[in-house]
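Structure assessment
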Amino acid sequence: MSGLLAAVAISAGGAARAQGALKPGAGQATVQRLCATCHTLDNVTRRPHTADEWDAILGRMIDKGLIATDGQLDDVAAYLTKNYGPGAPRAVAAAPAGAPAKKTR
Ligand code: HEC
């Protein structure tokens, strides 16, 4: 039984961390609400995608069971393309102060 409790505690912590990872902006709350139900938001933010790719991904998520209005899908696509598009800054969370600078070879 204690093993089960530990698993629940871990997954709850994971969800809280994933929610904190989204960049602030218009559409953030919608992404948080719609996209964290089946998988963590890490799944969403791990790799940048172009607007076309986000379109295709949202289509795939609808096939998998995502329920959203057209307006919500527009908000999500705009938010993801702006914040997780090819030109968006990579890092979600700032590196801790004092972290050693990454060697660039
Ligand atoms: C009804 C369940 C469901 C919802 C809601 C959902 N997804 Fe997914 N998603 C999946 C499944 C299943 C996979 C594939 C398995 C996995 O990676 O966990 C997946 C994988 C992904 C992937 C990585 C693989 C790929 O197809 O590129 C991305 C990116 C993604 N989802 C984005 C989103 C976004 C953005 C939203 C919100 C608009 C969302 N998902 C909402 C079920 C869902």
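Quick look at the structure, then. (Residues numbered from 1 in each chain as written. Predicted model: local features only at pLDDT ≥ 70, side-chain atom pairs only at ≥ 80, totals over all residues. Heavy atoms only, no water.)

**Some remarks on the overall build of the protein chain**
Quick note on the threshold: The secondary structure listing takes helices from DSSP runs of H or I that are at least 4 residues long and strands from runs of E that are at least 2 residues long, numbered from the N terminus. Residue burial is assigned from relative accessible area. The probe radius is 1.4 Å, only protein chains are included, and a residue is buried under 20% of its type maximum, exposed over 50%, and partly exposed in between. Here, two residues are considered to be in contact whenever any of their heavy atoms come within 4.5 Å of each other. With residues, only the protein chains shown are counted as cover, and all accessible areas are computed by Shrake-Rupley using a 1.4 Å probe.
The secondary structure content of the protein chain amounts to five helices and zero strands. Moving toward the C terminus, one meets the helices and strands of the protein chain in the order α-α-α-α-α. Counting over 105 residues, the protein chain shows a buried share of 26%. Long-range pairs, those at least 24 residues apart, make up 65% of the contacts in the protein chain with a sequence separation of at least 6. If you sum the accessible surface of the protein chain, you get close to 7500 Å²; carbon and sulfur atoms cover 59% of it.

**What about the site of the ligand?**
The cut-off we apply is this: Neighbouring residues are identified by heavy atoms, a residue being near a molecule or strand if any of them is within 4 Å of it. Here a polar contact is taken to be a pair of N or O atoms separated by no more than 3.5 Å, where protein atoms must pair a possible hydrogen donor with a possible acceptor and residues adjacent in sequence count only if both atoms sit in side chains. When residues are grouped by polarity, Ala, Val, Leu, Ile, Met, Phe, Trp, Tyr, Cys and Pro land in nonpolar, Asp, Glu, Lys and Arg in charged, and all others, Gly among them, in polar.
Close to the ligand lie 16 residues, the nearest being Cys 35, Cys 38, His 39, Arg 60 and Met 61. For the ligand, a nitrogen atom lies 2.8 Å from a polar atom in the side chain of His 39. With respect to the ligand, the side chain of Asn 43 contributes an N or O atom lying 3.1 Å from an oxygen atom. Secondary-structure elements contributing two or more residues to the shell around the ligand are α2 (28-35), α3 (42-45), α4 (51-64) and α5 (70-83). A total of five residues in the shell around the ligand trace back to one element, the largest contributor, which is α4. Residue classes in the shell around the ligand are distributed as 10 nonpolar, four polar and two charged.

**Observations regarding the coordination of the iron atom of the ligand**
Around a metal, the perfect tetrahedron of four donors has angles of 109.5 degrees, and the perfect octahedron of six donors has angles of 90 or 180 degrees. Operational definition: A 2.8 Å cut-off from the metal defines N, O and S donors, relaxed to 3.2 Å for Na, K and Ca; water is not in the atom list, so some sites may appear incomplete. Only four donors with every angle between 85 and 135 degrees are called tetrahedral; only four or six donors with opposite donors over 155 degrees apart and all others between 65 and 115 are called square planar or octahedral, in that order; all others are irregular.
Protein-derived ligands of the iron atom of the ligand are His 39 (NE2) and Met 61 (SD), with the metal-ligand distances lying across 2.0 to 2.1 Å. Here the iron atom of the ligand is ringed by six donor atoms whose angles at the metal span 87 to 180°, and the overall shape comes out octahedral. In this pair, His 39 sits in the loop between α2 and α3 while Met 61 sits in helix α4, placing the two residues 22 residues apart along the sequence.

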